[in-house]
Amino acid sequence: MALLEVKNIYKSFGGVKAIQDFSLEADAGQILGIIGPNGAGKTTIFNVISGVYPADQGTVILNGQDITKMEQYRITRLGMGRTFQNIRLFKGLTVQENVMCAFDPKSQYKILGGLLPTPRRRSEEKRGREQCMKYLEVVGMADYADERPENLSYGMQRRVEIARALMCEPKVLLLDEPAAGLNPTEVSELTELIQRISKEIGFGILLIEHRLELVMSISHLIHVQNFGKTIAVGTPAQVQHDPQVIEAYLGKEE
Amino acid sequence: MALVSNILTQVFITLISVVGVYVLTGLTGMFSLGQAAFMAIGSYASGLLVVKGGMALAPAIVLAVLMTTLVGYLVGYPVVRLRRDYISLVTLGFGEAIAALLNRMTSLTGGASGFTGIPRRTTLLLAAVSAVAAIILVAFFKTSKYGRQCIALRGDELAAKAMGINVTRVKMTAFLLSVALTAYSGCLYAFYMSYVDPSGFGWKKSADWVIMVFFGGVNSLTGSTLGAFILSALPQVLRGLQNYRYVIYAVLVLLIINFKPSGLLGEWELTPRNLARTARSLGRKFGTRKETH
Amino acid sequence: MFLGEATKQMSLQIVINGLATGSVYALIATGFALIFNILKFSNFSHGATMTAAAFTAYFLVAAKGGGLAATLLAAALAGALIALFGEFFGFRRITLKHSSPTYFFVSSITLGTLYEGLVTIRVGSNFYNFPSFFKNPTIRISGLVISTGDAMMCIISLVALILLAYVIQKTRLGRALRAVSFDRDTAQLMGINSTRIIQLTFVISGLLAGAAGTFLGIKYTLYPTLGSLVVKGFIASVIGGLGSLVGAVIGAVLLGLIETLLLSLLGSGYSTIATFGIMLVFLLVRPQGIAGSNIQEKA
């Protein structure tokens, strides 16, 4: 059984069919790309998988557990991490505190520790900070722990967001257009980072991306979406030569 | 001297409520317009327990705070899971309902003419110690996992959920903490004034507290405390201007919103580290000046 | 089941009184919902706008012998001007800066405090009565007693709501208003002057507030904290579904009916509490309100 199984999901908003009959299986160590033009329903797929809203039909199974109708925060705790298309770091918190937020739900102290510096609170906070620094080092942002994210470059903010998602200790990591807004050097650094964490941590990665060079170079398998439907599934090489894909991307020759 | 002590005692009592509002509004981005009603429940409950129940002061206060927090739970339960607008609308309705109830239950509360004969037990010292304790607790809360999660969900609930934060639960925790603080402030108030009546706990008072938090800096506990201190002492000093007080407040706050939206202190907090940093930069400024002399 | 003639009369009476109360709540709730719709915040200055507008009309027109129509017109205009003032001094800058909802909230309660403070300075905490505008204070139709004020309130509110519905559904202004409330930035890109549209929305909301304030003043009395009755409009909005205009009207009428019924069963104090309890239960069972328009954060 695969780590993440998405079976025949459907989602509509009003009359717009954002996803129709989408299925996917992802295993540990695998990188799966989802590509397609704007409005193809890619982010909606992520939102359904991560529980922002439930699917109209179909099921999502994570590590053998049905998460289709589960609340978002529970899904995260079961082993799902994600980043957002338009970076969504928390304002008013430093880089380190942003990453800590993903540790806090797991932190083992109660309200008494919330109001007073109990020994339990101190040890838990210390454990959190250590993990935090570990993940910040993985993404190469440890030197910026006390900065405010809004003072950092776009590429750095992306890395912080990835560190925050890693702090959720995901079994499956969803990256929504991680290369958006990055310059070519940053893109190649990011490519390297994704490959590295995929090998080191060994979870399944789903990747939505517009930059084809990024998806093609690191994905094991690619799903191509158009108007809510899957038009092709295959290895990068297969997909690149699929006539339907070429048509969706370049338009039909009249 | 008695006048100064009187003013300070009332300021400290208000401070406890305002610190509660800081938890709710400053940290979590929720607004309660029924906050004063929780103060009313605290006042009446502790007063009744002592006067009619014959209880000692301390257990009466503990019980009153617990009861108020329970009421807060019932009011909060349906709304913390909804959009944040609901909490301000529902607490506003709650405030009106409590006022109506207090007015109505004449035999127990004395109705509109007020509840009298509460022993005067709150001293300046008790009020001051309580206020300082409340500020310290809230300062710890802010830097705990709870405070961080509050700040996270204040800005972006969806991203907070995606990080595994149980938004409903964290909101409820913040709400109940603020209710408990306000209820305690109500207890002190009752035992200071020795008289309470329903008209003093309307939405205006709740709005007043929000304005104080905002005046000093909505993102700073130090700022909120300072704001509460200035704005609650001001009308006591300028008694003659009672009617103009709200107008002056309002104009001040409108100016702040338009021209310095982060409030007097912005996000600055009074911590040893920040203090040292400010001292250093001031030292540098004045140090160079001395050298040029 | 047989309903006795007297019981039947009484329940009919309750329905009529409930509709009258509901109609003024509907004016409040729609004025509130309009602003919620376009700027996505709860305008807590709405209540004080009602009070200030009603008092303005009282002093400028009614106290000088003006009739109901002139008084209502003055109040509506005053409401519109006050709302425009609020839009400019309270909301313009934070709207343009896309500030967080916190600022809108604080701005709106500050404006409310300001208006109420100004009214208090002028009138103290006294109560004022509108002159009786009608020759016959009540109308009798086959045993039913209807206050002329209530009847006028119903009719005028209905006309106002129909006009509002027409403006929103059929006119260019209405289309622009819906576009801006759906997505302000996109509407701006499409060539809609969204600041102007927001201003106009405040004007409409202010007109409704003025009318509602006057009706409340006629039905009860005029006093500086009259505006706190706005909470009825808020409750109606919550029951109806936040941000939905149709929901606000339905919620208001329902609230008017329930309240009048409870009033006759429990008396004034407990009916307020019971109404609040009903709202809480309602939120538990159907949080999206009757109209079911659920405003979700964008993912």
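Caption draft 1: The arrangement of the sheet that holds strand β3 (residues 31–35) of chain A in detail. Residues and elements named next belong to chain A. As summarised here, the arrangement of the six strands in space is β6-β7-β8-β3-β9-β10, forming an open sheet in which the pairing is mixed. Of all the strands in the sheet, the pair left with one neighbour each is β6 (80–82) and β10 (229–234). Mean inter-strand twist for the sheet, computed between neighbouring axes without regard to direction, equals 20 degrees. As defined by bridge partners, β6 adjoins strand β7 (residues 172–176) across three bridges and the pair is classed as parallel. Along β7, the bridge assignment pairs Met80 with Val172. On the sheet, helix α6 (residues 154–167) packs against β6 and β7 and is oriented at approximately 155 degrees with respect to β7.

Caption draft 2: Expanded view of the packing of aromatic side chains. Residues and elements named next belong to chain B. Per the stated rule, a full pass over the model turns up 33 aromatic pairs over all chains. Summarising the aromatic geometry, the rings of Phe38 and Phe175 are spaced 5.9 Å apart at their centres and angled 80 degrees between planes, so their arrangement reads as edge-to-face. Residue Phe38 is located in helix α2 (residues 35–51), and its partner Phe175 is located in helix α9 (residues 167–193); the two are separated by 137 residues in the primary sequence. Judged by relative accessible area, Phe38 falls into the buried class, the value being 0%. Each ring, one from Tyr73 and one from Tyr77, has its centre 5.9 Å from the other, and the planes form 45 degrees; the classification is tilted. With Tyr73 and Tyr77 both in helix α3 (residues 57–79) and four residues apart, the pair spans about one turn of that helix. Under the relative-accessibility criterion, Tyr73 is labelled partly exposed at 36%.

Caption draft 3: Representation of the environment of Ile49(A). Residue and element names in this part refer to chain A. Within the fold, Ile49 resides in helix α1 (residues 42–50). In this structure Ile49 comes out as buried when scored by relative accessible area, which is 0%. When sequence neighbours within four positions are dropped, the list of residues in contact with Ile49 reads Leu4, Val6, Val60, Ile67, Ile75, Met80, Leu174 and Leu206.

Caption draft 4: Region of interest: the pattern of salt bridges. Under the counting rule described, the total for this entry stands at 20 salt bridges over all chains. Measuring nitrogen to oxygen at the nearest pair gives 3.0 Å for the salt bridge that ties Arg127(A) to Glu124(A). Of this pair, Arg127(A) and Glu124(A) are both found in helix α5 (residues 119–138), three residues apart, which corresponds to roughly one turn of the helix. Since its relative accessible area comes to 8%, Glu124(A) is described here as buried. A salt bridge links Arg158(A) to Glu161(A); the nearest nitrogen and oxygen atoms lie 3.8 Å apart. Remark: Glu161(A) and Arg158(A) occur in helix α6; sequence separation between them is three residues, near one turn of the helix. Salt bridges sharing common partners tie together Asp104(A), Glu125(A) and Arg148(B).

Caption draft 5: Inspection of the sheet that holds strand β2 (residues 16–26) of chain A at higher detail. All names here are of chain A. Across the sheet, which stays open at both edges, the four strands sit in the order β2-β1-β4-β5 with antiparallel pairing between neighbours. At either end of the open sheet lies a strand with only one pairing partner, and these are β2 and β5 (65–66). As paired elements, strand β1 (residues 4–13) and β2 share seven bridges and run antiparallel to each other. Note that in β2 the partner of Ser12 across the bridge is Lys17.

The rules behind each value
Sequence order as written defines residue numbering, which begins from 1 separately in each chain. Each chain gets a letter, beginning with A, and each ligand a number, beginning with 1, in the order they are written. Given that the model is predicted, a residue must reach a pLDDT of at least 70 before its local features are reported, and side-chain atom pairs must reach 80 or more before they are shown or counted; all residues, however, enter totals for whole chains, interfaces and linings. In computing side-chain values, all of the structure's heavy atoms are included and hydrogens and water are not. Here the rule is simple: two strands pair whenever DSSP picks up at least two bridges between them. Secondary structure follows DSSP: runs of H or I at least 4 residues long count as helices, runs of E at least 2 residues long count as strands, and numbering of each begins at the N terminus. Here an axis means a line fitted to C-alpha atoms, over the contact stretch when the element is a helix, while the angle between two N-to-C directions is reported on a 0 to 180 degree scale. Any two residues whose heavy atoms approach within 4.5 Å at even a single point are treated as in contact. Put simply, two rings from Phe, Tyr or Trp (the six-membered ring, in Trp's case) pair if the centres are within 6.5 Å, and we call them stacked under 30 degrees between planes, edge-to-face over 60, tilted for the rest. The classification of residues rests on relative accessible area computed with a 1.4 Å probe and restricted to protein chains. Under 20% of the type maximum is buried, over 50% is exposed, and intermediate values are partly exposed. By definition, a salt bridge exists where a carboxyl oxygen of Asp or Glu is found within 4 Å of a side-chain nitrogen of Lys or Arg.

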